[in-house]
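# Coordinate inspection notes
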There are 4 protein chains.
Amino acid sequence: MKKGIIRPGHVQLRVLDIEAALKHYVDLLGLIETDRDEQGRVYLKAWSEVDKFSVVLCEADEPGMDFMAFKVVDEATLIQLEKDLIEFGVEVKNLPAGDLKDCGRRVQFVSPSGHCFELYADKKYTGKWGIHETNPEAWPRGLRGMKAVRFDHCLFYGDELAATYDLFVNVLGFFLTEQVLDPEGNRIAQFLSLSMKAHDIAFIQHEEKGKFHHASFYLETWEDILRAADLISMTDTPLDIGPTRHGLTHGKTIYFFDPSGNRTEVFADGDYVYPDHNPITWKAEDLGKAIFYHDRELNERFLTVLT
Amino acid sequence: MKKGIIRPGHVQLRVLDIEAALKHYVDLLGLIETDRDEQGRVYLKAWSEVDKFSVVLCEADEPGMDFMAFKVVDEATLIQLEKDLIEFGVEVKNLPAGDLKDCGRRVQFVSPSGHCFELYADKKYTGKWGIHETNPEAWPRGLRGMKAVRFDHCLFYGDELAATYDLFVNVLGFFLTEQVLDPEGNRIAQFLSLSMKAHDIAFIQHEEKGKFHHASFYLETWEDILRAADLISMTDTPLDIGPTRHGLTHGKTIYFFDPSGNRTEVFADGDYVYPDHNPITWKAEDLGKAIFYHDRELNERFLTVLT
Amino acid sequence: MKKGIIRPGHVQLRVLDIEAALKHYVDLLGLIETDRDEQGRVYLKAWSEVDKFSVVLCEADEPGMDFMAFKVVDEATLIQLEKDLIEFGVEVKNLPAGDLKDCGRRVQFVSPSGHCFELYADKKYTGKWGIHETNPEAWPRGLRGMKAVRFDHCLFYGDELAATYDLFVNVLGFFLTEQVLDPEGNRIAQFLSLSMKAHDIAFIQHEEKGKFHHASFYLETWEDILRAADLISMTDTPLDIGPTRHGLTHGKTIYFFDPSGNRTEVFADGDYVYPDHNPITWKAEDLGKAIFYHDRELNERFLTVLT
Amino acid sequence: MKKGIIRPGHVQLRVLDIEAALKHYVDLLGLIETDRDEQGRVYLKAWSEVDKFSVVLCEADEPGMDFMAFKVVDEATLIQLEKDLIEFGVEVKNLPAGDLKDCGRRVQFVSPSGHCFELYADKKYTGKWGIHETNPEAWPRGLRGMKAVRFDHCLFYGDELAATYDLFVNVLGFFLTEQVLDPEGNRIAQFLSLSMKAHDIAFIQHEEKGKFHHASFYLETWEDILRAADLISMTDTPLDIGPTRHGLTHGKTIYFFDPSGNRTEVFADGDYVYPDHNPITWKAEDLGKAIFYHDRELNERFLTVLT
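Since this is a predicted model, take the numbers as computed values, not measurements.

A few words now on the overall build of chain A. Secondary structure summary: chain A contains six helices and 17 strands in total. Compactness check: chain A gives a C-alpha radius of gyration of 18 Å against a globular reference of 19 Å for 307 residues, within 12% of the reference. Here the C-alpha coordinates of chain A stretch approximately 50 × 45 × 45 Å along the principal axes. Expressed as a percentage of the 307 residues in chain A, the buried residues total 68%. When the accessible surface of chain A is split by element, carbon and sulfur atoms take 48% of a total near 10200 Å². Side-chain charges of chain A comprise 34 positive and 51 negative groups, with the mean position of each set lying 4 Å from the other.

Residues and elements named next belong to chain B. Tracing the sequence through the fold places Ser54 in the loop between β3 (42-45) and β4 (55-59). There is a polar contact of 2.7 Å between the side chain of Ser54 and the side chain of Glu49. The residues touching Ser54, leaving out its near neighbours within four places in the chain, are Gly9, His10, Val11, Leu44, Lys45, Ala46, Glu49 and Phe151.

Before going further, it helps to spend a moment on the interface of chain D and chain A. Counting residues at the interface gives 43 residues for chain D, matched by 43 residues for chain A. Taking both sides of the interface into account, the surface hidden between chain D and chain A amounts to around 3700 Å²; carbon and sulfur atoms contribute 51%. Considering only the surface of chain D that becomes buried against chain A, Asn135(D), Tyr272(D) and Tyr274(D) emerge as the three largest contributors, covering 16% of it. The interface formed by chain D and chain A holds six salt bridges in total. A salt bridge links Lys71(D) to Asp276(A); its shortest N-O distance comes to 2.7 Å. Linking chain D with chain A are 28 residue pairs in polar contact (both at pLDDT 80 or more), by the criterion used here. For the side of chain D that touches chain A, the secondary-structure elements that each account for two or more residues are β1 (5-15) and β17 (280-283) of chain D. No other element matches β17(D), which puts four residues into the side of chain D that touches chain A. Counted by class, the side of chain D that touches chain A contains 16 nonpolar, nine polar and 18 charged residues.

Okay, the interface of chain D and chain C next. Quoted interface sizes are often the accessible area lost when the parts come together. Residue-level contacts link 20 residues of chain D with 20 residues of chain C. Of the roughly 1800 Å² buried between chain D and chain C, counting both surfaces, carbon and sulfur atoms make up 49%. On the surface where chain D and chain C come into contact, there are four salt bridges. One can count 13 residue pairs in polar contact (both at pLDDT 80 or more) joining chain D with chain C. Secondary structure elements with two or more residues in the side of chain D that touches chain C: α4 (222-234) and β14 (239-245) of chain D. Top element by residues in the side of chain D that touches chain C is α4(D). It accounts for eight residues. For the side of chain D that touches chain C, a count of residues per class yields eight nonpolar, four polar and eight charged.

Residues and elements named next belong to chain B. Look at helix α2 (residues 75-88): 20 Å from first C-alpha to last across 14 residues, which is about the 20 Å you get at 1.5 Å a residue. Among the structural elements, β1 (5-15), β5 (64-72), β6 (92-95), β7 (106-110), β8 (116-120) and α3 (161-171) are those in contact with the buried residues of α2. Two residues or fewer after α2 comes Gly89, characterised by a positive phi angle close to 110°.

All names here are of chain C. Taking burial as the measure, the five residues of strand β8 (residues 116-120) include five buried ones, the bulk of the element. Along β8, one buried face is formed by Cys116, Glu118 and Tyr120 and the opposite face, lined by Phe117 and Leu119, is buried too. Pairing analysis gives four bridges linking strand β5 (residues 64-72) to β8, with the strands arranged parallel. The partner of Lys71 across the bridge, within β8, is Tyr120. The pairing of strand β7 (residues 106-110) with β8 spans five bridges and is classified as antiparallel. Note that in β8 the partner of Val107 across the bridge is Leu119. Where β7 folds back on β8, the antiparallel hairpin that results is connected by five residues, among which Gly114 adopts a positive phi of roughly 95°.

This brings us to the relation of the copies chain D and chain A. There are two copies of the chain, and a rotation about an axis plus a shift along that axis relates them. For the pair chain D and chain A, the best superposition has an RMSD of 0.0 Å and corresponds to a rotation of 180° with a translation of 0.0 Å parallel to the axis. Seen this way, the second copy is the image of the first under a two-fold rotation axis. The rotation axis passes nearest to the C-alpha of Met196(D) in chain D, at a distance of 3.2 Å. Looking at chain D, 100% of its interface residues are interface residues in chain A too, so the copies touch through the same face.

Attention now goes to the packing of aromatic side chains. All chains considered together, the criterion is met by 78 aromatic pairs over all chains. Taking the centre distance of 6.1 Å and the plane angle of 65° together, the rings of Tyr157(D) and Phe302(D) count as edge-to-face. Of this pair, Tyr157(D) sits in strand β9 (residues 150-158) while Phe302(D) is found in helix α6 (residues 300-304), placing the two residues 145 residues apart along the sequence. For Phe302(D), a relative accessible area of 1% corresponds to the buried category. An aromatic cluster is defined as three or more aromatic residues linked by ring pairs; in this entry it consists of Phe70(A), Phe109(A), Phe117(A), Phe156(A), Phe168(A), Phe174(A), Phe203(A) and Phe212(A). Over the aromatic face of Phe53(A) sits the side chain of Lys123(A), whose NZ or CZ is 3.9 Å from the ring centroid. Lying across the ring of Tyr165(C), Arg187(C) places its NZ or CZ 4.2 Å from the centre.

All names here are of chain A. Overall, mixed pairing links the eight strands, which are arranged β2-β3-β4-β1-β5-β8-β7-β6 in an open sheet. The sheet is open, and its two edges are formed by β2 (32-36) and β6 (92-95), each paired on a single side. The sheet shows a mean angle of 25° between the axes of neighbouring strands, taken without regard to direction. Relative to strand β5 (residues 64-72), strand β1 (residues 5-15) is paired through eight bridges, and the arrangement is antiparallel. The residue of β5 that forms the bridge with Leu13 is Met65. Contacting β1, β2, β3 (42-45) and β4 (55-59), helix α1 (residues 18-28) crosses the sheet at an angle of about 155° to β4.

Take the relation of the copies chain D and chain C next. In screw terms, the move from chain D to chain C is a rotation of 180° and a rise of 0.0 Å along the axis, fitting with an RMSD of 0.0 Å. When the interface residues of chain D are mapped onto chain C, 100% of them are again interface residues, pointing to one common binding face.

Next up on the list: the side chain of Thr249(C). Following the sequence through the fold, Thr249(C) ends up in the loop between β14 (239-245) and β15 (252-257). Among all residues touching Thr249(C), those that are not within four sequence positions of it are Glu178(C), Phe191(C), Ala198(C), His199(C), Gly270(C) and Asp271(C).

This part is about unusual backbone geometry. A cis amide bond links Gly242(A) to the next residue, Pro243(A), at an omega of 0°. Unlike most non-glycine residues, His250(C) shows phi in positive territory, near 60°. Residue position: His250(C) is located in the loop between β14 and β15. If you check the backbone angles, Arg296(D) has positive phi at about 60° while not being a glycine. Following the sequence through the fold, Arg296(D) ends up in the loop between α5 (287-291) and α6.

The next thing to look at is helix α2 (residues 75-88) of chain A. It helps to recall that an α-helix has 3.6 residues per turn; residues three or four apart then point in one direction. Residues and elements named next belong to chain A. Within α2, the full set of buried residues consists of Thr77, Leu78, Leu81, Glu82, Asp84 and Leu85. Each buried residue of α2 sits inside an arc of 165° when the element is viewed along its axis, so together they form one side. Facing away from the buried side of α2 by over 90 degrees, the exposed positions are Ala76, Lys83, Ile86 and Glu87. Among the structural elements, β1, β5, β6, β7 (106-110), β8 (116-120) and α3 (161-171) are those in contact with the buried residues of α2.

What counts, and at which threshold
- Residues numbered from 1 in each chain as written.
- Chains lettered and ligands numbered in written order.
- Predicted model: local features only at pLDDT ≥ 70, side-chain atom pairs only at ≥ 80, totals over all residues.
- Heavy atoms only, no water.
- Helix = DSSP H or I, 4+ residues; strand = E, 2+ residues; numbered from the N terminus.
- Rg over C-alpha atoms; globule rule 2.2 N^0.38 Å.
- Buried < 20%, exposed > 50% of the residue type's maximum accessible area, 1.4 Å probe, protein only.
- Areas by Shrake-Rupley, 256 points an atom, 1.4 Å probe, with all protein chains shown as cover.
- Lys, Arg positive; Asp, Glu negative; His and termini not counted.
- Charge placed at Lys NZ, Arg CZ, Asp CG, Glu CD.
- Polar contact = N/O pair within 3.5 Å; in protein donor to acceptor, adjacent residues only side chain to side chain.
- Contact = heavy atoms within 4.5 Å.
- Buried area = accessible area lost by both parts, 1.4 Å probe.
- Salt bridge = Lys/Arg side-chain N within 4 Å of Asp/Glu carboxyl O.
- Nonpolar A, V, L, I, M, F, W, Y, C, P; charged D, E, K, R; others polar.
- Expected span 1.5 Å × (residues − 1).
- Pairing = 2+ DSSP bridges.
- Least-squares fit on C-alpha atoms with pLDDT ≥ 70 in both.
- Phe/Tyr/Trp six-rings, centres within 6.5 Å; stacked < 30°, edge-to-face > 60°.
- Lys NZ or Arg CZ within 6 Å of the ring centre and 35° of its normal.
- Axes fitted to C-alpha atoms, helices over the stretch in contact; angles between N-to-C directions.
- Arc of directions from axis to C-beta.

In structure tokens form, the structure reads like this:
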């Protein structure tokens, strides 16, 4: 949070069919629908999140991610970061308050890796879903499916990782928590954090710009991961891999797909970090274990199914 | 226990190198060495077992299983079962007390599926390892690796499943808990129990007689399954599959290999059964989900790596 | 199962108010209502049970247990056990089929400890709730509250434990798994099993006959025990103790109360047993640890709140 | 981290007997001894911590806490905070580098609540115990006892909570995550964070200054909490309460005592926070549930055993 960015705030995902997508994100994953807009977009949040939405679904001809946004502490910070971005040399676009319902103005830009990001300072504060601010119970009753706790991070594929690192670390104040280095010492994967989370965003080197690997949602425990895998089978949802553990971050994880082909991750636990921690390094020749700690080899889908 | 057979009592496994095998069964799996004999065989037990041993390792040129034994309630029962076996038409061989150290006489026979089994009534009672019979603590301190709780069951591949069923159910008093039926109604897999366990033994149809798929060891929880998978990676042990869940029995499981190529399973939980329960049926066309509930497809190794 | 008794089959509990009781047993504990009868009794079952009911609630002026029943393998066994009971010297009462809905005839008797028990061979087979017998999923969706898996056992207080032991072990075929002995060697608590369960029934010495301590329901995991404790708080249900572990059986447990003052237990895991296992002995002077393994002292309620 | 303070860095505890204390903190809790000094102090760390020590034990005639320290990002920050403290009006004492082995200079001050705190910027970086920075395994083998993950926070009792709040929030950059308010709206408990943790430090109103309630250590899971409670029984360690859950923070917890009478907490999970979250309020009249979520009442020890 060195530059005043708090956390990932939302992600807008393209889906081929909204109603099918809602079965995935609401009934299976357990997000809660909080609004819709005149463009037909549907706004969702996870129960522990205090702001109105963290996932926006919009119907499109192709799956993928439109943009991922980070919340900053206040308008002054937003103004400063906007200047810093322009000075860094990225083009900045302003989206007015209300363009996303109940969200303040957003500063949008494209990273060297080819992904669209946003910063914003304001979003309607709705509090945790199903939980009071006075004498709160441990968890809300009435959650569905996997009972996702929060939208956590995204993993992207793209090129120009070094320039992207420069932008995220030096301009936006992220810090490097983990990396994969090839034998020549090139960083082919970078995991970046704003907080104690092992990653708030991650990038993997890829020849094409702007590819989307997955959006990730936090679950509470390894037992919730099992229940999630069971639900994936019960609902005949396409599984990528899991339950298993990552080497990178050591999170316990499942990858699976929404009906449009976007990959969803649910994960639990994993390492905590502080900005004075040395970054963890994984060797590219051990990428299998770095990604899938138990199998110690990549499945074909890991490198190829991108939207 | 209709005919007086209590439980699986031991399994003798062939390994190519005893010392390498002990790293697997003692250091990794967490069994405890209790004795060796003049033939060089090593006797192991899991901590919660009250008898002296449940696994016997013997060095050989080929991996596989020599025999699996069941404990019966007393000598009178053993005499009766011996008669019943002969009457059923299998050849019975008597092994004298002491042939396995501290084990009473064993009645050995080969099932129609081509596997060697034994019955015995007596084995030295050593009590649980590290736990007193008075004011026992919840678990013993000082266990290694995966802290296996007990030798649980074996899965075998072979032919003549119907005759094998007849032997196990009608002569030995097992009951059918789960089965896989092909579209013609042929039973291509049968899971048999003596107790509340979803299986004390299981058979899958295979063109060759006498093949060994795995010996299985019980762990306490899904979290222990994760720790086991972590240890498999840390020790660079060949993993087959897991952590995952089976459809059949719904147990939580990992398959991995000992240094000789014998498959080991660790599993936890799963369904309980009683003899008045209807057997569960899985359709052969859904065998993938029946075996690996999350992946819903067999990996190649499931059908091919047999010893 | 030496004499053909399979398991605890049902318990009839007296409650002061049926609708309040249903909030407890259905909404909170997660049992499923399967029927009512003209006497106003309500029939409940847990999801994994294959027979139509395991708990019967009947309205009365005082809380407590009316009777606990065991299922036997067939009518021939029932006839034999009826003879054996009469020969042992207890008075036997026959209740006709249909007296409890969809349950066959019941043989009722009072143990020396002053508790009413029943044996029966037939009850309508309804299969597991929400789970098919072909290609069954791992667990049913739509369960409520604590998602109780099965009615598991009861703990009773009463006198004449030695005669009660004689009846249960020598006539009914239970075996002793755990006991508490006072310094003079008198058995002041006895835990008895029919199966691999550490107890299907238990008795603690008490000067008054026929007291009821608790009916116990199985949950799957320690995490389910936590969720159960959370639900107890969320619903403002009176807690007795827990989450904790018992010394006896080492089960993970919570005691809490229904609105009529009957104690309910939910528990998970704990030791497995076989009939050739030596019984475990706890010293009466360590009863605190035997009952509540972590606190190592009895709370006042343990000895006094009986119905 | 608004003012550059990263996290709790260490706590110095007074113990009556160092060797007895080491049995508690090393053998039972699972900390690792990293050094001793000429004053006889022993330095300990938890495995996931990257700096050389987080707990210092020193022999004394009375139990209690000498000081708790926070690490700041760099010397410039330390200089600034030192100025801010002096300006706020607390007396500041400088302790030279090396006064604690391998620790840089420390700025010490006493809070209005009567507790001694320190800030420091440098401590020898030793990395996680038993884990490499390249291709790190999921956890280190060879840990003892409860396998504590990190020193997490302290809870103190004292007066002048409002002034202490002012110091911690306005000078040191903590933010309020949870509070207990009495019917008049006075804050009688305040939980403060630097990070995503629900508390890095907490204070409860008490008529006496400078009392110590507990030092808390993080465990990974609810299952680790159970194992910790089991170990407390196995080692005959005095238990205060648990396993249970707190209302405040919703952490899963056990309180127990070291041989000198200092209270130790182990806990897992609980809520995460961000600085834009509204603080949670618990009503003083529901303090029982706020502290012990399941029991919903305080035990006597909670208010009285302070060192």
